[in-house]
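Listed below are the residues making up each chain.
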Amino acid sequence: MKFGVVVFPGSNCDDDAVFALQHNLGQEVVKLWHKDHDLQGCDLIVLPGGFSYGDYLRSGAISRFSPIMNEVIQHARRGGYVLGICNGFQILCEAELTPGVLLRNNGQKFICRNVHLKPQTNNSLLTSGLELDRAYKIPIAHAEGRYFTDADSLKRLNDNDQVLFRYCDENGAITEAANPNGSLDNIAGICNEGRNVFGMMPHPERAADCALGNTDGKLILEQVLTVLV
């Protein structure tokens, strides 16, 4: 399987993603510059975290118009896989590849710490083999991570089984206290209706190596290999 990690001006998690996929998962990975027009035959495109250029206006609002996003959108429309992490998720929402928006955290501050996620479905490439009754410890690092959408869209997300992860406590209880940023319905990650585009605010690539003392993120990233390799 071949992964492509898009690099925007201001990306700062692209090398983390490359290392996790290449070193920890043993996969072929190439970097794709935001002005490129060729996805180089990649099977899955990763939009990494960071502070992509133009974020001072609204996270992802400008990078969504980078030339390579035309190719990413077409890739997704053909059924190709796309994963957006943190800023990458914000870009996916701006490009309307996933529904909803990411707003300022309810505490109006940047948050950088470990949280816990509870998978909500196995009907997804990214969660296919995860334990639904387990809490996975994954880091977050964002100021605009509060997921929001309108009531009708939220109903569709739930009815279509598109919610991939919800914030929970270490025991797996989905509570208001476990919600770090005020996200609607404790939502931490979703997929599109076609189930080939995935967005999540937490960083699994930052929890994918034994040297970090946490490999829960590796368990999440490994899911795509069970189907595609």
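Read on for an overview of the structure. Note that the structure is a prediction, hence the values are computed from the model and not measured.

Some points on the overall build of the chain
Summing up its helical and strand segments, the chain has 5 helices and 11 strands in all. A compact globule built from 229 residues should have a C-alpha radius of gyration of about 17 Å, and the chain, at 16 Å, falls within 12% of that. Reported as C-alpha extents along the three principal axes, the dimensions of the chain are approximately 45 × 35 × 35 Å. Within the chain, buried positions represent 58% of all 229 residues. Within the chain, contacts between residues at least 6 apart in sequence are counted, and of these 75% link residues at least 24 apart.

Brief notes about a nonpolar patch on the surface
On the surface, Tyr 56, Leu 57 and Ile 62 cluster together to form a nonpolar patch covering roughly 360 Å² of accessible area. Mapped onto the elements of the fold, Ile 62 is located in the loop between β3 (44-47) and α2 (67-77).

Observations regarding the nonpolar core
Among the nonpolar cores identified, the biggest contains 46 residues, and Phe 3, Leu 117, Leu 126 and Phe 165 are the most heavily contacted of them. Setting aside residues no more than four positions away along its own chain, Leu 126 makes contact with Leu 83, Leu 164, Phe 165, Phe 198, Met 200, Ile 220, Gln 223 and Val 224. In this structure, Val 30, Ile 73, Val 82 and Leu 97 belong to the second largest nonpolar core, which totals 19 residues.

Some details on the packing of aromatic side chains
Within the structure shown, the criterion is met by 3 aromatic pairs. Relative to Phe 110, the ring of Phe 51 lies with its centre 6.3 Å away and its plane at 35°, an arrangement referred to as tilted. Residue Phe 51 is found in the loop between β3 and α2, and its partner Phe 110 is found in the loop between β5 (101-103) and β6 (111-119); the two are separated by 59 residues along the sequence. Classification of Phe 110 by relative accessible area gives partly exposed; the value is 44%. Between Tyr 81 and Phe 198 the ring centres are 6.2 Å apart and the planes differ by 10°, which places this aromatic pair in the stacked class. One end of the pair, Tyr 81, is in strand β4 (residues 81-85); the other, Phe 198, is in strand β11 (residues 197-200), and 117 residues separate them in sequence. Taking NZ or CZ as reference, Arg 64 lies 4.5 Å from the ring centre of Phe 65, over its face.

What counts as what
- Residues numbered from 1 in each chain as written.
- Predicted model: local features only at pLDDT ≥ 70, side-chain atom pairs only at ≥ 80, totals over all residues.
- Heavy atoms only, no water.
- Helix = DSSP H or I, 4+ residues; strand = E, 2+ residues; numbered from the N terminus.
- Rg over C-alpha atoms; globule rule 2.2 N^0.38 Å.
- Buried < 20%, exposed > 50% of the residue type's maximum accessible area, 1.4 Å probe, protein only.
- Contact = heavy atoms within 4.5 Å.
- Patch = residues over 30% accessible without salt bridge, like charges linked within 9 Å, V, L, I, M, F, W, Y side chains within 5 Å.
- Areas by Shrake-Rupley, 256 points an atom, 1.4 Å probe, with all protein chains shown as cover.
- Salt bridge = Lys/Arg side-chain N within 4 Å of Asp/Glu carboxyl O.
- Core = buried A, V, L, I, M, F, W, Y, C linked by side-chain atoms within 4.5 Å.
- Phe/Tyr/Trp six-rings, centres within 6.5 Å; stacked < 30°, edge-to-face > 60°.
- Lys NZ or Arg CZ within 6 Å of the ring centre and 35° of its normal.

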